[in-house]
Amino acid sequence: MKDDFKSIIESIKKSFNYKNIIPLHEPVFIGNEKKYLLDTIDSTFVSSMGSYVNEIEHQMELITKTKKAIAVVNGTAALQVCLKLAGVNNNDEVITQALTFVATANAISYLNAKPIFIDVDIDNMGMSPKSLKEFLEEFGDLKEDGTYNKKTGRKISACLPMHTFGFMCRINEISSICSLWKIPLVEDAAQALGSSFNEIPSGSFGKLAAFSFNGNKIITSGGGGIITTNDFSLGIAAKHLTTTAKVKHDWDYIHDKIGYNFRMPNLNAALACAQIENLSVIKQKKKELYFEYKNNLNNKGVELVSIPKNTDWNFWLISIRLNDKNERDLFLKETNRNGIATRPIWRLLFKLQMYSGCQRDSQKNAKLLENTIVNIPSSART
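Trainee: Can you help me understand the overall build of the protein chain in this one?
Mentor: Helix and strand counts for the protein chain stand at twelve helices and 16 strands. Against the compact-globule benchmark of 21 Å for 382 residues, the protein chain has a radius of gyration of 21 Å, which places it among compact chains. Projected onto its principal axes, the C-alpha positions of the protein chain cover 65 × 60 × 35 Å. Accessible surface, the protein chain as shown: approximately 16900 Å² in total, 50% of it carbon and sulfur. Of the side chains in the protein chain, 47 bear a positive and 40 a negative charge, and the two mean positions are spaced by 3 Å.

What follows is the structure in structure tokens.
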């Protein structure tokens, strides 16, 4: 199998014009980034007030077709605030997935709540509505004020599916299940900007949603995130809460609750505004790379993860499916040794010490994906 990887490595190298290291996913700056950054510096509005903060919020409202977007410092902060405004309180529980980046569970823990890990679907690698339904039928106790966990007695205050690698999970089915059980739905759309399901954009299905503009995302603000919601009053509350809960006044410092210093700086927003102008271009370049891989690697017996049905994918990270953990580890070793930055899917969160005691189902699909999925270089080529 090691010899078989040689042709795959050469094929990947041909797709990129790098002499030494091919990164997994690097940002591309092909527009007004420098212009907007200089404009921000000249304006002196470099912190959390400024025209670019307002503009990126407006652009995200248009893209996600939501009523309110709030710019914050990163995707994890966005998740934390989304969950808080959804009604997650101390010692509550949040249903999520173990096959996700650790920030998903960390955001739950920041509110002193407990994650419950539900299995994922094989095709889109996001929360399985079938597994969610089965869990709630076994452990859910539906009451007038919401659903409680029969095993722990705690209230299940939110459901937090994550759109893995920009793929859309079966969010419509999950939404219906959550409505039936009176559980608020919050989307972890950190990786899914530009993706849609049945022509409905990510970030518009739940009560609230969180996006990330980290340096490795499809567009970046260096560090940053966005909260979106179709509940305008929740959007106003999110802006207030993330601005240290400061009451508007011409000069006085009045804060009416414990808030967060989470607003996105205007400098970061300037970068995001320039990036979002080229979102469709970046997405198209990444789409071209995916189909180039599909043509070249399929002939070498490599299975690319297919685009799920009913999904317009943003092509954020391109994945291949290997046979087992041994082959996966050998592939990771050989590619990285040859200057190609490949990465496995995340270690399942219940295998981390701090989440090892969390309630979970069989995780059958998640365990299989953990052992067989590898991400290959997915940068937009310009």
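Trainee: I tried to follow unusual backbone geometry on my own but got confused; where do I start?
Mentor: Excluding glycine, residues mostly carry a negative phi; peptide bonds, for their part, are mostly trans. Positive phi, normally seen in glycine, also occurs at T44, with a value near 70 degrees. Relative to the assigned elements, T44 resides in the loop between helix 2 (33-43) and helix 3 (51-64). With relative accessibility at 60%, the residue T44 sits in the exposed group. Positive phi, close to 55 degrees, is recorded for A245, a residue that is not glycine.

Trainee: Please explain the side chain of T229 as it appears in this structure.
Mentor: Inspection of the secondary structure assignment puts T229 in strand 11 (residues 225-229). There is a polar contact of 2.7 Å between the side chain of T229 and the backbone oxygen of K207. Sequence-distant contacts of T229, defined by excluding residues within four places in its chain, comprise T66, K67, K68, K207, L208, L234 and G235.

Trainee: Explain the packing of aromatic side chains to me, please; I cannot follow it from the model alone.
Mentor: The description of two aromatic rings rests on the distance between their centres and on the angle between their planes. Under the definition given, this model contains 13 aromatic pairs. Considering the side-chain rings of F5 and F331, the 5.1 Å spacing of their centres and the 75 degrees angle between planes classify their relative orientation as edge-to-face. Of this pair, F5 sits in helix 1 (residues 2-14) while F331 sits in helix 11 (residues 325-337), placing them 326 residues apart in sequence. As far as the burial class goes, F5 and F331 line up, both buried. Ring centres of F167 and W313 lie 4.5 Å apart, and the angle between their planes is 50 degrees; this geometry places the pair in the tilted category. Remark: W313 occurs in the loop between strand 13 (311-312) and strand 14 (318-321) and F167 occurs in the loop between strand 6 (155-159) and helix 7 (171-180); sequence separation between them is 146 residues. Side by side, F167 and W313 carry an identical accessibility label, which is buried.

Trainee: I would appreciate a short explanation of the environment of K133 in the present structure.
Mentor: Turning to its location among the elements, K133 is positioned in helix 6 (residues 129-139). Exposure remark for K133: the relative accessible area of 42% places this residue in the partly exposed category. In terms of polar contacts, K133 uses its side chain to reach the side chain of E137, at 2.6 Å.

Trainee: Teacher, can you tell me more about the pattern of salt bridges here?
Mentor: Here the structure, examined in full by the defined rule, presents 13 salt bridges. Here E93 makes a salt bridge to R154, at a shortest N to O gap of 3.2 Å. With E93 in strand 2 (residues 93-97) and R154 in the loop between strand 5 (146-149) and strand 6, this pair connects stretches of sequence that are 61 residues apart. R154 gets classed as partly exposed once you look at its relative accessible area, which sits at 24%. For D312, the salt bridge is made with K283, and the minimal N-O distance between the two is 3.1 Å. Taken as a pair, D312 in strand 13 and K283 in helix 10 (residues 279-297) lie far apart in primary sequence, 29 residues in all.

Trainee: Hey, could you run me through helix 8 (residues 232-242) in this one?
Mentor: In an α-helix, one turn spans 3.6 residues, which is why side chains three or four residues apart end up on the same side. For helix 8, every residue scored as buried is listed here: L234, G235, A238, L241 and T242. Along the axis of helix 8, the buried residues cluster in a sector spanning 130 degrees; they form a single face. Those residues of helix 8 that are buried are in contact with strand 1 (68-72), helix 4 (75-86), strand 10 (208-212) and strand 11. Where helix 8 terminates, the next one or two residues include T244, which has phi positive at roughly 55 degrees.

Trainee: Help me out: how do you make sense of the sheet that holds strand 10 in this one?
Mentor: Hydrogen bonding along the main chain pairs the strands of a sheet, whether they run parallel or antiparallel. As summarised here, the arrangement of the four strands in space is 1-11-10-7, forming an open sheet in which the pairing is mixed. Strand pairing shows two members of the sheet lacking a second neighbour, strand 1 and strand 7 (186-188), which therefore form its edges. Shown here is a sheet whose adjacent strand axes are inclined to one another by a mean of 20 degrees, direction ignored. Helix-sheet contacts for helix 3 involve strand 1, strand 10 and strand 11, and the interaxial angle to strand 1 is about 135 degrees.

Trainee: Would you mind going over helix 3 with me for this structure?
Mentor: Over its 14 residues, helix 3 extends 20 Å from the first C-alpha to the last, a length consistent with the 20 Å expected when each residue adds 1.5 Å. For helix 3, the set of buried residues is Y52, V53, I56, E57, M60, E61 and T64. Considering only its buried residues, helix 3 is in contact with helix 2, strand 1, strand 9 (200-201), strand 10, strand 11 and helix 9 (266-276).

Trainee: What am I meant to see in the pairing of strand 16 (residues 373-376) here?
Mentor: The side chains of a regular strand alternate between both faces of the sheet. A two-sided burial pattern is seen for strand 16, the buried positions comprising I373 and N375 on one face and V374 and I376 on the other. By the bridge criterion, four bridges tie strand 14 to strand 16 in an arrangement that is antiparallel. Across the sheet, R321 pairs through a bridge with I373, a residue of strand 16. Direction of pairing for strand 15 (residues 343-344) relative to strand 16: antiparallel, over a ladder of two bridges. Counterpart to R343 in the pairing with strand 16 is N375.

Trainee: Sorry if this is basic, but what is going on with the state of the cysteines here?
Mentor: In protein chemistry, a disulfide is the covalent bond that joins the sulfur atoms of two cysteines. Enumeration according to the criterion identifies zero disulfides in this entry. In this structure C82 is not part of a disulfide, and its nearest cysteine sulfur, from C159, lies 14 Å away. We classify C82 as buried; its relative accessible area is 0%. Distance from the sulfur of C169, which forms no disulfide, to the nearest cysteine sulfur (C159) is 8.6 Å.

Rules behind the numbers
Residues numbered from 1 in each chain as written. Predicted model: local features only at pLDDT ≥ 70, side-chain atom pairs only at ≥ 80, totals over all residues. Heavy atoms only, no water. Helix = DSSP H or I, 4+ residues; strand = E, 2+ residues; numbered from the N terminus. Rg over C-alpha atoms; globule rule 2.2 N^0.38 Å. Areas by Shrake-Rupley, 256 points an atom, 1.4 Å probe, with all protein chains shown as cover. Lys, Arg positive; Asp, Glu negative; His and termini not counted. Charge placed at Lys NZ, Arg CZ, Asp CG, Glu CD. Buried < 20%, exposed > 50% of the residue type's maximum accessible area, 1.4 Å probe, protein only. Polar contact = N/O pair within 3.5 Å; in protein donor to acceptor, adjacent residues only side chain to side chain. Contact = heavy atoms within 4.5 Å. Phe/Tyr/Trp six-rings, centres within 6.5 Å; stacked < 30°, edge-to-face > 60°. Salt bridge = Lys/Arg side-chain N within 4 Å of Asp/Glu carboxyl O. Arc of directions from axis to C-beta. Pairing = 2+ DSSP bridges. Axes fitted to C-alpha atoms, helices over the stretch in contact; angles between N-to-C directions. Expected span 1.5 Å × (residues − 1). Disulfide = S-S within 2.5 Å.

Remember that the coordinates give geometry; whether it matters functionally is a separate question.
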